[in-house]
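# Structural features, examined
Spelled out, the chains give:
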Amino acid sequence: MDIRVGDKLIMKKKHPCGSDIFTVTRIGMDFKLRCDGCSHEIMIPRLKAEKALKKIVKPNGEE
């Protein structure tokens, strides 16, 4: 998967605040994601994030 810092990830499950959109702030074995609804930051393993991913939205608008 081509996920880069700054991409927005639309996940299958929503965050407790109600938002399902997260911004990627760090990549590696784990992803560091910031919730666009409440700005809470989470670390999630790459495999778990790729399974929970619905869609990737690039910063320049392409999908």
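The preceding data block contains the structure.
Residues numbered from 1 in each chain as written. Predicted model: local features only at pLDDT ≥ 70, side-chain atom pairs only at ≥ 80, totals over all residues. Heavy atoms only, no water.

## Digging into the layout of surface pockets
One number sums up the size of the largest pocket: a volume of about 200 Å³. Every residue lining the largest pocket is listed: Met11, Lys13, Lys14, His15, Phe22, Ile42, Ile44, Lys48 and Ala52. Looking at the lining of the largest pocket, the elements that each hand over two or more residues are strand S4 (41-45) and helix H1 (46-52). Tallied by class, the residues present in the lining of the largest pocket amount to five nonpolar, one polar and three charged. (1 Å grid on protein atoms, 1.4 Å probe; cavity = no way out; pocket = protein on both sides within 12 Å on 5 of 7 lines; lining within 4 Å. Points joined across faces, edges and corners; volume = space filled by probe spheres on them. Helix = DSSP H or I, 4+ residues; strand = E, 2+ residues; numbered from the N terminus. Nonpolar A, V, L, I, M, F, W, Y, C, P; charged D, E, K, R; others polar.)

## Some details on the pairing of S4
Alignment of strand S3 (residues 30-35) against S4, held across five bridges, turns out to be antiparallel. Across the sheet, the residue bridging to Lys32 is Met43, located in S4. Hairpin remark: S3 followed by S4, antiparallel, with five residues in the connecting loop; positive phi at Ser39, about 65 degrees. (Pairing = 2+ DSSP bridges.)

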